[in-house]
Amino acid sequence: TAGGESYTYQSDIARLMRVVVSHLYHDRDVFVRELLSNANDALEKVRLIALTDPSILEPAEQLNVTVLADKDSGRIVIRDSGVGMSKEQLAANLGTIARSGTSEFLENLEKGDGGNLIGQFGLGFYSSFLVADRVTVASKTADDTEQWVFESEANADGFKIVKDPRGPTLGRGTEITLYLKPDAADEYLDLPKLRYLIQKHAEYNAAPIYLWSSASLDPSVNAVPVVEAEDDEIKVEDEATAVEQPQWDLVNDRPPLWMRDSKDVTEEEYENFYMKTFDSPDAPLAWAHFKGDAGTTSFRALVYIPSALPNDFYSKDYISLNSLKLFVKRVFITSDLGPNYLERHMNWIKVFIDVDDLPLNVGRDSLQKTKALAQIKKNLQKRVYDLFAQIASQDPSKYAELYEKAGVALKVGAVEDAKNRDRIVKLLRFTTSAQENSTSLDEVVARRKQGQTQIYYIAGAGQKKDSLEKSPFVERILARGYEVLYFTDPIDEMVINSVPTYGGLRFQDVAKDGVKFGDEDDDEKKEEEDLKSTFAPLVGYLKKELAEFVDKVTISTRLTTSPCLVTAGTYGYSGNMERLLAAQNQ
Ligand code: ADP
Ligand code: MG
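Residues numbered from 1 in each chain as written. Chains lettered and ligands numbered in written order. Predicted model: local features only at pLDDT ≥ 70, side-chain atom pairs only at ≥ 80, totals over all residues. Heavy atoms only, no water.

### Structural notes on the pairing of strand E13 (residues 297-305)
1) Next: With eight of nine residues buried, E13 is to be regarded as a mostly interior element.
2) Next: Across nine bridges, the pairing between strand E12 (residues 286-294) and E13 is antiparallel. Bridge pairing links Ala288 to Val303 in E13.
3) Next: As consecutive antiparallel partners, E12 and E13 are separated by two residues, and within that stretch Gly295 has a phi angle of approximately 65 degrees, a positive value. (Buried < 20%, exposed > 50% of the residue type's maximum accessible area, 1.4 Å probe, protein only. Helix = DSSP H or I, 4+ residues; strand = E, 2+ residues; numbered from the N terminus. Pairing = 2+ DSSP bridges.)

### Re the packing of helix H11 (residues 371-394) against helix H12 (residues 396-416)
1) Next: Packing of H11 against H12 leaves a shortest axis separation of 8 Å and a crossing angle of 140 degrees. Note that H11 runs across H12; the crossing there is left-handed. Across the interface between the two elements, Tyr385, Phe388, Ile391, Ala392, Ser393 and Gln394 from H11 touch Pro396, Lys398, Tyr399, Leu402, Ala406 and Leu410 from H12.
2) Next: Its residues assigned to classes, the contact of H11 with H12 comprises nine nonpolar, two polar and one charged. (Axes fitted to C-alpha atoms, helices over the stretch in contact; angles between N-to-C directions. Left-handed = near helix turned anticlockwise from the far one by under 90°. Contact = heavy atoms within 4.5 Å. Nonpolar A, V, L, I, M, F, W, Y, C, P; charged D, E, K, R; others polar.)

### Considerations on the side chain of Thr439
1) Next: By the element assignment, Thr439 lies in the loop between strand E17 (431-432) and helix H14 (441-446).
2) Next: A distance of 2.9 Å separates polar atoms of two side chains, one belonging to Thr439 and the other to Arg447.
3) Next: If we skip the residues at most four places from it in the chain, Thr439 touches Leu428, Arg429, Phe430, Thr432, Val444, Arg447, Glu483 and Leu485. (Polar contact = N/O pair within 3.5 Å; in protein donor to acceptor, adjacent residues only side chain to side chain.)

### As for the packing of helix H2 (residues 30-52) against helix H8 (residues 191-201)
1) Next: Two numbers describe how H2 lies on H8: the axes approach to 9 Å, and their chain directions differ by 55 degrees. Relative to H8, H2 is oriented oblique. Between H2 and H8 lies a crossing whose hand is right-handed. Side by side, H2 and H8 meet where Val32, Arg33 and Leu36 of the first sit next to Leu194, Leu197, Ile198 and His201 of the second.
2) Next: A class-by-class count of the residues in the contact of H2 with H8 yields five nonpolar, one polar and one charged. (Parallel < 35°, antiparallel > 145°, perpendicular 65-115°, else oblique.)

### Concerning the sheet that holds strand E11 (residues 249-250)
In a beta sheet, neighbouring strands are held together by backbone hydrogen bonds and run either parallel or antiparallel to one another.
1) Next: Read across the open sheet, the nine strands follow the order E1-E6-E5-E4-E7-E3-E2-E8-E11; overall the sheet is mixed. Either end of the sheet is taken by a strand with one partner, and the two such strands are strand E1 (5-8) and E11.
2) Next: Sitting on the sheet, H8 is in contact with strand E2 (65-70), strand E3 (75-80), strand E8 (209-213) and E11, with an inclination near 170 degrees to E8.

### Digging into the packing of aromatic side chains
1) Next: The full count for this structure, using the stated rule, is 29 aromatic pairs.
2) Next: Note on Phe327 and Phe332: the rings are 5.5 Å apart at their centroids and 65 degrees apart in plane angle, and the pair reads as edge-to-face.
3) Next: Ring pairs connect the aromatic residues Tyr7, Tyr9, Phe125, Tyr126, Phe129, Phe150 and Phe159, which therefore count as one cluster.
4) Next: Sitting above the plane of the Phe290 ring, Arg383 keeps its charged end 4.1 Å from the centroid.
5) Next: Across the ring face of Tyr482, the terminal group of Lys449 is positioned such that the distance to the ring centre comes to 4.9 Å. (Phe/Tyr/Trp six-rings, centres within 6.5 Å; stacked < 30°, edge-to-face > 60°. Lys NZ or Arg CZ within 6 Å of the ring centre and 35° of its normal.)

### Looking at the sheet that holds strand E15 (residues 331-334)
1) Next: Pairing in this open sheet of five strands is mixed, and the strands run E12-E13-E16-E14-E15 from one edge to the other. Edge positions in the sheet fall to E12 and E15, since each of these pairs with one other strand and no more. Direction aside, the axes of adjacent strands within the sheet are offset by 20 degrees on average.
2) Next: Here strand E14 (residues 324-328) runs beside strand E16 (residues 350-355); their pairing, made up of five bridges, is parallel. The residue of E16 that forms the bridge with Lys325 is Phe352.
3) Next: Sheet strands touched by H2: E14 and E15. Its angle to E15, the strand with the most contacts, is close to 75 degrees.

### A closer look at empty space enclosed by the protein
1) Next: This structure, assessed with the given rule, holds four cavities of 30 Å³ or more.
2) Next: Computed from the structure, the largest cavity encloses a volume of approximately 70 Å³.
3) Next: Around the largest cavity, the lining residues are His345, Met346, Trp348, Ile349, Val384, Tyr385, Phe388, Ala406, Ala409 and Leu410.
4) Next: Of all the secondary-structure elements, those providing two or more residues to the lining of the largest cavity are H11 and H12. (1 Å grid on protein atoms, 1.4 Å probe; cavity = no way out; pocket = protein on both sides within 12 Å on 5 of 7 lines; lining within 4 Å. Points joined across faces, edges and corners; volume = space filled by probe spheres on them.)

### Here we look at the pattern of salt bridges
1) Next: Under the definition given, this model contains 26 salt bridges.
2) Next: Across the pair Glu187 and Arg28 runs a salt bridge whose closest N-O atoms are separated by 2.8 Å. Placement of Glu187 in helix H7 (residues 182-188) and of Arg28 in the loop between helix H1 (11-23) and H2 is noted, with a sequence separation of 159 residues between them.
3) Next: Among the residues examined, Arg28 registers a relative accessible area of 5% and is labelled buried.
4) Next: With its nearest N and O atoms 2.2 Å apart, the salt bridge here joins Asp249 to Arg195. Remark: Arg195 occurs in helix H8 and Asp249 occurs in strand E11; sequence separation between them is 54 residues.
5) Next: The exposure class assigned to Asp249 is partly exposed, which follows from its relative accessible area of 33%. (Salt bridge = Lys/Arg side-chain N within 4 Å of Asp/Glu carboxyl O.)

What follows is the structure, given as structure tokens:
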């Protein structure tokens with residue numbers, strides 16, 4: 001078949017190709033990753049279709065990728081049994097750039113890190129030209145009866161598309177042949193290196209990848225057919241000879257990370273998986289990997305605690321990006337289940353879910369409302385709190401670091417998430433008179449004195465510990481040797497309003513009525529009675545004079561050095577709360 005149709009590249013592409021090739025010379029290993037990821041994408045599309053229309057798959061069909069390194073001809077041939085491309089798709093997908101942002105790409109390229117950019121900007125295919133002078137892509141879709149070949153050379157201004165003279169050899173799928181540059185041939189036809197690169201990038205490729213090298217084979221067995229163009233002629237070089245599966249060497253013989261038992265995954269693998277999946281430059285702080293049941297189906301999941309919260313997390317316009325991956329039966333479905341799949345205060349945790357069965361013929365909103373996903377959500381949230389608790393007990397200094405960033409989010413959770421409140425409150429930390437570091441409520445309860453029925457706190461929005469501990473309200477309590485919590489965080493008091501008791505002790509604002517000590521003895525009570533009757537006239541006088549301003553006037557034993565105090569009633573707003581409310585109403 002001579003000629004075929006010639007096309008000119010979209011204006012930017014020829015230029016981009018040249019820039020890519022000249023800039024990424026030292027990064028040229030990336031072609032393995034990019035071509036395998038395209039093959040994997042194509043296989044995923046088949047599996048996605050098969051979830052709702054199983055007829056696309058032949059019975060017992062293997063979805064796989066094969067990589068052939070042919071030393072004799074200096075070629076690498078990558079074949080997949082994915083969706084394939086029609087003639088029009090070959091031209092559109094490989095001859096134009098779908099994503100805009102060419103100038104952004106070029107700018108970033110100047111700054112370095114082109115190897116990662118190339119995939120992000122939808123230029124993955126062009127990485128072929130880092131190692132090849134010439135590339136052919138034969139492809140066939142399930143519906144097509146014909147197979148087409150895209151052909152282009154490095155530095156060319158255009159490409160050609162011809163009908164494959166071998167006929168439809170592929171059944172369904174794509175075959176990319178790289179005609180390696182001489183130096184690249186030396187480097188990549190060396191089997192250990194190619195094998196290493198495939199393994200390195202295979203983590204995400206759910207499909208098996210087989211590698212085969214001509215060098216290791218009986219020369220009587222022919223290589224897979226490759227198409228050679230000469231003077232606009234395409235001729236078939238070798239007759240097709242099927243290579244039997246057992247001679248191919250399975251490279252990624254391990255299931256994807258999340259399908260493995262957690263004891264078969266290293267820390268580094270978990271970290272790399274996180275950074276790749278959620279596009280993060282930093283390693284995560286902690287993670288949990290588990291299986292669970294959700295009604296009629298089961299799932300596997302990973303929850304990761306990032307090393308930091310997004311900068312705008314506490315702003316009201318915050319939306320979590322890139323925080324979720326939902327797979328069904330190993331097939332990626334979506335990274336968007338709406339802005340609040342997890343509760344708002346948890347919306348910085350990264351979650352990966354692979355469900356065995358979900359109704360897929362529904363839109364995102366209905367999908368999110370499915371019973372299974374609702375149950376999974378509950379399970380995930382519980383796991384996150386468990387993970388926090390585990391860090392708190394096993395590695396307190398790591399917990400302190402985590403709490404520094406996420407403490408306020410947890411307190412919001414304690415206020416808003418009634419179902420998990422008990423779990424969350426255990427995780428909270430408060431500034432205390434008892435020790436330098438902040439304390440858990442369990443520790444406060446453990447330190448309680450004989451007869452103590454209250455946990456004392458002073459609300460001091462915005463004020464630091466050193467000014468709160470000088471408050472006259474606190475004096476008497478400290479003098480008696482009791483612990484006082486300093487609510488230095490404005491939200492602390494809201495937490496206590498939703499959690500009135502802890503460990504059998506009632507929270508008591510020391511600036512309000514109702515402070516009781518467990519150690520008052522009878523003498524003290526008697527003394528108090530005496531004082532009351534002695535000062536009854538004064539109290540009566542003050543009550544009359546101050547009737548407009550106060551509810552009541554009483555004699556108190558709460559002070560040691562200050563003569564008098566104005567306090568808020570047990571059921572009134574505290575001074576602090578009034579300041580908060582006033583600020584909100586402005
Ligand atoms: P991206 O993968 O980001 O879209 P690429 O340059 O890697 O960008 O690929 C461009 C497009 O070419 C893909 O989106 C896909 O439609 C098509 N394509 C590439 N390789 C294959 C393949 N092996 N099978 C089917 N389609 C492919
Ligand atoms: Mg790609």
